[in-house]
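Examination of the molecular architecture
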Amino acid sequence: MENIRVRFAPSPTGALHIGGIRTALYNYLLAKKYGGTFILRIEDTDQTRFVPGAEDYIIEALHWAGIVPGEGQSFGGEYGPYRQSDRKAIYQEYAKKLVENGQGYYAFDTAEELDAARQADDTFKYDYKSRVRLNNSLNLSAAEVQQRLDSGIPYVIRLKVPEGETVHIQDMVRGEVNFQSNELDDKVMLKGDGMPTYHLANVVDDRLMKITHVIRGEEWLPSTAHHVLLYRAFGWEAEMPRFAHLPLILKPDGKGKLSKRDGTRLGIPVFPLSWKGETPEDSFVGFREAGFDPRAMVNFMAFMGWNPGTEQEIFSMNELAEAFSVEKIGKSGARFDIEKARWFNQQYIMASSEEELAKTVRPIIEAQGHRPTEAYLRSFVGMMKERVVLFSDFWTNGAYFFEDFAVFDEVTIRKKWKANDSRATFIPLLEQLDALIDYNSSAVQACVEGFTNSAGLKFGDVLPILRVGLTGTMKGPAVFDMMALLGKAECRRRMERAFDLFDQVS
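Note that the structure is a prediction, hence the values are computed from the model and not measured. (Residues numbered from 1 in each chain as written. Predicted model: local features only at pLDDT ≥ 70, side-chain atom pairs only at ≥ 80, totals over all residues. Heavy atoms only, no water.)

1. Things to note about the overall build of the protein
Along its length, the protein carries 21 helices and twelve strands. Counting only C-alpha atoms and orienting by the principal axes, one finds that the protein spans roughly 110 × 50 × 35 Å. Taken over 506 residues, the protein has a buried fraction of 50%. Taking contacts inside the protein between residues at least 6 apart in sequence as the whole, the part at least 24 apart equals 71%. Taken as a whole, the protein presents about 23100 Å² of accessible surface, with 49% of it coming from carbon and sulfur. Both charge centroids of the protein, one from 61 positive and one from 71 negative side chains, sit 2 Å from each other. (Helix = DSSP H or I, 4+ residues; strand = E, 2+ residues; numbered from the N terminus. Buried < 20%, exposed > 50% of the residue type's maximum accessible area, 1.4 Å probe, protein only. Contact = heavy atoms within 4.5 Å. Areas by Shrake-Rupley, 256 points an atom, 1.4 Å probe, with all protein chains shown as cover. Lys, Arg positive; Asp, Glu negative; His and termini not counted. Charge placed at Lys NZ, Arg CZ, Asp CG, Glu CD.)

Pasting the structure below:
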């Protein structure tokens, strides 16, 4: 395939929705598969919606996901600048070319005039029918137009959409798509503030940056008709990029498009990273902060619309790139199944080494005020990694490895513990454990088994007391492994504390 050049072109209007991550991923995979270039372009032509910090958020999110551009804003390259607000003069030049070659025109209509037109006709649109009676250069003499321009009268430049034509698009996902030009309006290309609209900037930048494939969300499909007309207007139609419009990402119940509000409503992440907005309603939890491995998120998002056609589900980034093809992207919407995302995460955690996990989990544990040794932390994550789904679960499910439990399983204790009698039975076990020279898992197990037999007890009488006494719960790793990690002194302290608590409820 030719030298692939693709771009991800988000707008810095807030947190990057997870759908944007999927768009970036599919572009990245196509470029990676064929040794091409993945470009980051910041489309900030609508300055009224610009949000400080959003651009940095986008870049950080891509880095975290491992979808790193080879060119673009903050990454360098020979086709910059890669932020559209820095390319204003370029767009003005091309907008003027549209007017000069008869494919565009100056429109001097005021906001009040356009409002009046809409009030007079609720189906009004600025098109081949209405433009002949509106305030634009198509209805004015050249001298009048020049006089208005010289006088500084505000204007926009509109695309002159031809009448009675069919605009054909061969979409890589959807096949042939046709639009009737009579249904299209004369879109504004250059706004009154001298900034381009998305349509002009998008086409000019894709052309100048030599983009070969445009992979973007389904919501941009209707705009593609105007984009094709723009390529045609500039004489670039024969070298247009190929288009691929991705299916919608649907709500978890499959009913309607996934929105940022669904995350708050359902308590699930729909952004890669957390975002703190000006209000709680505009603040969101990200996949990273919810405890996801970025590789799991990427694997999950890859399947949101694409399928390799095999039984394989777990892919490295290299494997995804090798298997990826735009032709395997489906047309129908993909349901955002957060339980599947959690399953992916669980698989990655279980497959990770203790060294990797310790590095990720340490900040979580330290945020709770604990500074375990590396050896202790690695042993901890090794015991817990098949019992968690999210990184945050290491603390939620395993806090007892670092501090005393606040509540315990009283139901089990009421069944197994008798005040005074049970304490008298178990004190000898604590003393035998204290006498161990090597306090390892095997030695502890042998000691407990010997005590159980000699005391005429059953394992079901002893192990629940040990487990709840140490952790407060009947869930968790093997008791003897936990005891070996906690150590002799800590186990004795915890059990004596537990006996006092058990006496109070029995």
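2. Topic: the pairing of strand 7 (residues 175-180)
Pairing of strand 6 (residues 166-171) with strand 7, which is carried by six bridges, proceeds in the antiparallel orientation. What sits directly across from Val-167, in strand 7, is Phe-179. (Pairing = 2+ DSSP bridges.)

3. Thoughts on helix 19 (residues 459-471)
Because the α-helix completes a turn every 3.6 residues, residues three or four places apart line up on one side. Look at helix 19: 18 Å from first C-alpha to last across 13 residues, which is about the 18 Å you get at 1.5 Å a residue. By the burial criterion, the buried members of helix 19 are Val-462, Pro-464, Ile-465, Leu-466, Arg-467, Val-468, Gly-469, Leu-470 and Thr-471. Where the residues of helix 19 are buried, they touch helix 16 (410-416), helix 17 (421-434), helix 18 (441-454), helix 20 (479-486) and helix 21 (488-505). After helix 19 finishes, the residue Gly-472 shows a positive phi value of roughly 85°. (Expected span 1.5 Å × (residues − 1).)

4. Overview of the packing of aromatic side chains
Here the structure, examined in full by the defined rule, presents 36 aromatic pairs. Considering the side-chain rings of Phe-300 and Phe-336, the 5.3 Å spacing of their centres and the 65° angle between planes classify their relative orientation as edge-to-face. Of this pair, Phe-300 sits in helix 10 (residues 294-302) while Phe-336 sits in the loop between strand 12 (334-335) and helix 12 (338-351); the two residues are 36 residues apart in sequence, bridging distant segments of the chain. Considered together, Phe-300 and Phe-336 belong to a single accessibility category, that of buried residues. In this arrangement the basic side chain of Arg-158 is found over the ring face of Tyr-126, its NZ or CZ atom lying 3.8 Å from the centre. (Phe/Tyr/Trp six-rings, centres within 6.5 Å; stacked < 30°, edge-to-face > 60°. Lys NZ or Arg CZ within 6 Å of the ring centre and 35° of its normal.)

5. Notes on unusual backbone geometry
The step from Gly-80 to Pro-81 runs through a cis peptide bond, and the omega angle for that step is -5°. Tracing the backbone through its elements, the reader meets Pro-81 in the loop between strand 3 (71-72) and helix 3 (88-100). In this structure, Ser-74 takes a positive phi of about 75° despite not being glycine. As for its position among the elements, Ser-74 is in the loop between strand 3 and helix 3. Even without being a glycine, Lys-210 presents a positive backbone phi close to 60°. If you trace the backbone, Lys-210 turns up in the loop between helix 6 (198-208) and strand 9 (213-217).

6. A word on the pattern of salt bridges
For the coordinates displayed, the defined rule picks out 40 salt bridges. The salt bridge involving Arg-493 is made with Asp-404; its shortest N-O contact spans 2.6 Å. You can see Arg-493 sitting in helix 21 and its partner Asp-404 sitting in the loop between helix 15 (393-398) and helix 16, a full 89 residues away along the chain. You can call Arg-493 partly exposed: its relative accessible area is 36%. (Salt bridge = Lys/Arg side-chain N within 4 Å of Asp/Glu carboxyl O.)

Any functional reading would require information that these geometric values do not contain.
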